[in-house]
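# Observations on the three-dimensional arrangement
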Amino acid sequence: MDKTEQDYQGEHDRPLGTYVRILAVYGGVVATATVAAAVTGRRLPERVGLMDLGLMAACTHKVARLVAKDPVTSPLRAPFTRFEGVSGPSELKEEPRNTVGELLSCPFCIAQWAATGYAIGLVFAPRFTRLAGAAMTAVAASDWLQLAYAKLMKSAT
């Protein structure tokens, strides 16, 4: 791996070994959920309907932003990131200090984990998962309405 990592990164710092460990954790979570589903007799949904897909998409978006950017969740990111300022309404800009910080401060990276969690939830606790998804979807919609309202107020003055 060392030669491959050196050849890949060139003059850049790309910690492929750490990425492999993160991928292993992700794969382990999926494998564990798969085995647990088989052992407990849980079955995958026959299909994912449009309503579930919509809830999953909006919930994934909101959870990813909440984990990666929200000021209230900054204590979870603090050991792995450095505060740099505000990046938008109720969002922080943080510089990752390590690979875990890179994962935790990237809403695009966290989205995969959030969507996977939602999918696992549909297998083990579909009613609760849909309720939590609906709540996070409502929060995401409220965020958009708050931004639209602020823009309208600004244009009215």
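One structure accompanies this document, and this report is about it. In this text, all values refer to a predicted model and were calculated from it rather than measured experimentally.

### Here we look at the pattern of salt bridges
- Here the structure, examined in full by the defined rule, presents six salt bridges.
- Taking the shortest distance from any N to any O, the salt bridge between R65 and E91 comes out at 2.6 Å. With R65 in helix α3 (residues 50–69) and E91 in strand β2 (residues 91–96), this pair connects stretches of sequence that are 26 residues apart.
- Residue classification places E91 among the buried residues on the basis of a relative accessible area of 18%.

### So, the side chain of T129
- Examined against the element boundaries, T129 turns out to sit in helix α7 (residues 126–156).
- The class of T129 is buried, set by a relative accessible area of 8%.
- If sequence neighbours within four positions are ignored, T129 has contacts with Y118, G121 and L122.

### Some remarks on unusual backbone geometry
- Phi at S90 is positive, roughly 60°, even though this residue is not glycine.
- Residue placement: S90 occurs in the loop between β1 (81–88) and β2.
- A relative accessible area of 55% places S90 in the exposed class.

### Digging into the packing of aromatic side chains
- Enumeration according to the criterion identifies one aromatic pair in this entry.
- The interplanar angle of 75° and the centroid separation of 5.2 Å between the aromatic rings of Y26 and W113 together place this pair among those described as edge-to-face. One end of the pair, Y26, is in helix α2 (residues 16–40); the other, W113, is in helix α6 (residues 107–124), with 87 residues separating them in the sequence.
- The exposure class assigned to W113 is partly exposed, which follows from its relative accessible area of 27%.

### Quick word on the environment of L16
- Within the secondary structure layout, L16 lies in helix α2.
- Taking C-alpha positions, L16 is 36 Å from P126, a pair spaced 110 residues apart along the chain.

### Points about the pairing of β2
- Of the strand pairs in this sheet, β1 and β2 are connected by six bridges, and their pairing is antiparallel. In the sheet register, G85 faces β2, and the bridge partner there is K93.
- Between the end of β1 and the start of β2, which pair antiparallel, lie two residues, with S90 showing a positive phi angle near 60°.

### Let's talk about the packing of α2 against α6
- Following both chains from N to C, one finds α2 and α6 inclined at 5°, their axes separated by 11 Å at the closest point. Classified by the angle their axes make, α2 and α6 are roughly parallel. Contacts between α2 and α6 involve I22, V25, Y26, V29, V30, A33, A36, A37 and T40 from the first element and Q112, W113, T116, I120, V123 and F124 from the second.
- Residues of the contact of α2 with α6, tallied by class, amount to 12 nonpolar, three polar and no charged.

Basis of the calculations
- Residues numbered from 1 in each chain as written.
- Predicted model: local features only at pLDDT ≥ 70, side-chain atom pairs only at ≥ 80, totals over all residues.
- Heavy atoms only, no water.
- Salt bridge = Lys/Arg side-chain N within 4 Å of Asp/Glu carboxyl O.
- Helix = DSSP H or I, 4+ residues; strand = E, 2+ residues; numbered from the N terminus.
- Buried < 20%, exposed > 50% of the residue type's maximum accessible area, 1.4 Å probe, protein only.
- Contact = heavy atoms within 4.5 Å.
- Phe/Tyr/Trp six-rings, centres within 6.5 Å; stacked < 30°, edge-to-face > 60°.
- Pairing = 2+ DSSP bridges.
- Axes fitted to C-alpha atoms, helices over the stretch in contact; angles between N-to-C directions.
- Parallel < 35°, antiparallel > 145°, perpendicular 65-115°, else oblique.
- Nonpolar A, V, L, I, M, F, W, Y, C, P; charged D, E, K, R; others polar.

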